[in-house]
Amino acid sequence: MSLVAIGINHKTATVDLREKVAFAPDKIHEAMRSLAQETASGEAVIVSTCNRTELYCNTQDVARVVFWLEQYHSLSHDEVAPCLYEFQGQKAVQHLMRVASGLDSLVLGEPQILGQVKQAFVKAKESGTVAMTMDRLFQNTFSVAKKVRTETEIGTAAVSVAFAAVSMAKHIFSSLATTKALLIGAGETIELVARHLKENGVASMVVANRTLSRAEAMCEEFGAQAITLEQIPDFLPKADIVISSTASPLPILGKGMVEKALKQRRHQPMLLVDIAVPRDIEAEVADLDAAYLYTVDDLQSIVEQNMASRREAAEQAELIAEEQSLQFMEWVRSLESVDSIREYRTHCMDIKDELLERAINRLGQGADAEEVMRELANRLTNRLIHAPTQALTVASRHGDLNALGQLRTALGLDKD
């Protein structure tokens, strides 16, 4: 058997093809069982996300797995094959470890993929398509991903504007557990900000948007309160953190509104982050005492610095993945050696039992005991040395000194 990884991702295929090759959550168990039947080992794990679909198998027939993928999704070979990548053996192991560690992600070092790989593994176990090899592979992979997180800085630096905004808030306020946030807008960026704030334990969130229903839909997920833009002056004095990202052509927060809010706050500090282009917050707000205003340009410079930091950390992470994949393959080879030893021992015992039974029968027929013992010893010796003798002869005939040397060592002829 050979460990194989076959798939497509955001680097090799368009969104359109990725959607066609993706596996629906309610069909994934059935798909894994179907794929496992195509392999002699019966082992298969499918990782399917918006950015990748990957099949991990223990098989020697890669073409059969590719054919199964095409047939399952009713796609032609010409449509799928140019976008597929394939890894075998140690390279397949290393690829899985890189994926789980965020080294192959659209956003370098993003942590979500590890959870997705773990979920895929759990579903494979539920489907009965995981045996000893795959179980060990994925458990080792999870340990590697944890090692990458703890021994490198790949996950500590913010690499999205939304994450950078929340990281800045964490830097200014010792804890977000007592802070209140006002988010202006209800688009994708603000939704991501809300998710980061919730994950970091912010006390409460208010989302202001021009369309109240859109804000309410987003607030359901995060337990936040939805308001209209017109209600901002009433809620602004309570906000420790204000993050804004709308498509408004004119500023939403002016200097006067913020100044009035700060007076009501008795000049307790307020962090304002303006992610919008054009700006949602007047630049003059930065002149106010206790108002800390940052723009998208400020955050972008942080993101660029952090990306450089992540790339440096990724180099360390790559070494970890490579080293651990090599160690895993040593374990695989040890299994192969155990199987070979067991097989060789069984083979020799079968020869011994066959010849011993023959000798006992001859003794029972009254044959001379010394003659029977001598015949048993000669026959057993000849049978056991037959295969090694042939191997020595072939190596000598072909001048294969390396093979000849290994055989001599294995047979105890070169004891040094």
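To be clear, the structure that these remarks concern was listed above.
What counts, and where the lines are drawn
- Residues numbered from 1 in each chain as written.
- Predicted model: local features only at pLDDT ≥ 70, side-chain atom pairs only at ≥ 80, totals over all residues.
- Heavy atoms only, no water.
- Helix = DSSP H or I, 4+ residues; strand = E, 2+ residues; numbered from the N terminus.
- Rg over C-alpha atoms; globule rule 2.2 N^0.38 Å.
- Buried < 20%, exposed > 50% of the residue type's maximum accessible area, 1.4 Å probe, protein only.
- Areas by Shrake-Rupley, 256 points an atom, 1.4 Å probe, with all protein chains shown as cover.
- Axes fitted to C-alpha atoms, helices over the stretch in contact; angles between N-to-C directions.
- Parallel < 35°, antiparallel > 145°, perpendicular 65-115°, else oblique.
- Contact = heavy atoms within 4.5 Å.
- Nonpolar A, V, L, I, M, F, W, Y, C, P; charged D, E, K, R; others polar.
- Expected span 1.5 Å × (residues − 1).
- Pairing = 2+ DSSP bridges.
- Salt bridge = Lys/Arg side-chain N within 4 Å of Asp/Glu carboxyl O.
- Phe/Tyr/Trp six-rings, centres within 6.5 Å; stacked < 30°, edge-to-face > 60°.
- Left-handed = near helix turned anticlockwise from the far one by under 90°.
- Arc of directions from axis to C-beta.
- Core = buried A, V, L, I, M, F, W, Y, C linked by side-chain atoms within 4.5 Å.

**Structural notes on the overall build of the protein**
Tallying secondary structure elements over the protein gives 15 helices and ten strands in all. For the protein, whose C-alpha radius of gyration is 33 Å, the value lies well above the compact-globule estimate of 22 Å for 416 residues. The dimensions of the protein, computed from C-alpha atoms along their principal axes, are 120 × 50 × 40 Å. The buried share of the protein, reckoned over its 416 residues, is 44%. Accessible surface, the protein as shown: approximately 22,300 Å² in total, 51% of it carbon and sulfur.

**With respect to the packing of helix 5 (residues 90-100) against helix 6 (residues 112-127)**
Contact pair helix 5 / helix 6: the axes reach a minimum separation of 8 Å and the direction vectors enclose 125 degrees. Here helix 5 lies oblique to helix 6, going by the angle between them. Contacts between helix 5 and helix 6 involve Leu96, Val99 and Ala100 on the former and, on the latter, Ile113, Leu114 and Val117. For the contact of helix 5 with helix 6, the class distribution of residues is six nonpolar, no polar and no charged.

**Notes on helix 6**
With 16 residues, helix 6 should reach 22 Å at 1.5 Å per residue; the first-to-last C-alpha distance of 23 Å fits that figure. For helix 6, the full list of buried residues reads Ile113, Leu114, Val117, Ala120, Phe121, Lys123, Ala124 and Ser127. Glycine 128 sits one or two residues past helix 6 and shows a positive phi near 75 degrees.

**Regarding the pairing of strand 2 (residues 44-48)**
Here strand 2 lies mainly inside the structure; four of its five residues are buried. In sequence, strand 2 turns back onto strand 3 (residues 52-58) through a hairpin of three residues.

**Focus on the pattern of salt bridges**
Tallying each qualifying case throughout the model produces 20 salt bridges. For arginine 52, the salt bridge identified is with glutamate 54, shortest N-O distance 2.9 Å. Residue aspartate 135 pairs with lysine 125 through a salt bridge whose shortest N-O separation is 3.4 Å. Placement of the pair is aspartate 135 in helix 7 (residues 132-151) and lysine 125 in helix 6, with a sequence separation of ten residues.

**Overview of the sheet that holds strand 10 (residues 291-295)**
Read from one edge of the open sheet, six strands run 7-6-5-8-9-10, paired in parallel fashion. Here the strands that pair on one side only, and so sit at the sheet edges, are strand 7 (225-228) and strand 10. With direction set aside, neighbouring strand axes in the sheet form an average angle of 20 degrees.

**Focus on the environment of glutamate 216**
Looking at the element boundaries, glutamate 216 is found in helix 10 (residues 212-222). Measuring from C-alpha to C-alpha, the distance between glutamate 216 and alanine 186 comes to 9.1 Å, with 30 residues separating the pair along the chain.

**Comments concerning the packing of aromatic side chains**
Under the counting rule described, the total for this entry stands at nine aromatic pairs. An angle of 40 degrees between the planes, with centres 5.5 Å apart, marks the rings of phenylalanine 328 and tryptophan 331 as tilted. Taken together, the residues phenylalanine 328 and tryptophan 331, both in helix 13 (residues 296-364) and three residues apart, mark about one turn of the helix. Tryptophan 331 carries the same exposure label as phenylalanine 328, and that label is buried. Pairwise contacts between aromatic rings join Tyr56, Phe121, Phe138 and Phe142 into one cluster.

**Comments concerning the packing of helix 14 (residues 369-397) against helix 15 (residues 401-410)**
One way to put it is that helix 14 packs onto helix 15 with a least axis distance of 8 Å and a crossing angle of 155 degrees. With respect to each other, helix 14 and helix 15 are oriented roughly antiparallel. Crossing hand, helix 14 versus helix 15: left-handed. Judged by residue contacts, Ala391, Leu392, Ala395 and Ser396 of helix 14 engage Ala403, Leu404, Leu407 and Arg408 from helix 15. Class assignment of the residues belonging to the contact of helix 14 with helix 15 gives a composition of six nonpolar, one polar and one charged.

**So, helix 12 (residues 255-264)**
For helix 12, every residue scored as buried is listed here: Val258, Ala261 and Leu262. On an axial view of helix 12, the arc spanned by its buried residues comes to 100 degrees, and they lie on one face. Opposite the packed face of helix 12, turned more than 90 degrees from it, sit the exposed residues Lys260 and Lys263. Residues of helix 12 that are buried in the fold lie against strand 9 (270-274) and strand 10. Arginine 266 lies just past helix 12 and shows a positive phi near 60 degrees.

**Brief notes about the nonpolar core**
Grouped together as the largest cluster of nonpolar side chains are 61 residues, with contacts concentrated most on Ile46, Leu55, Tyr56 and Phe138. Grouped together as the second largest cluster of nonpolar side chains are 31 residues, Ala162, Ala169, Val207 and Ile243 included.

The quantities given are spatial measurements derived from coordinates; they are silent on function.
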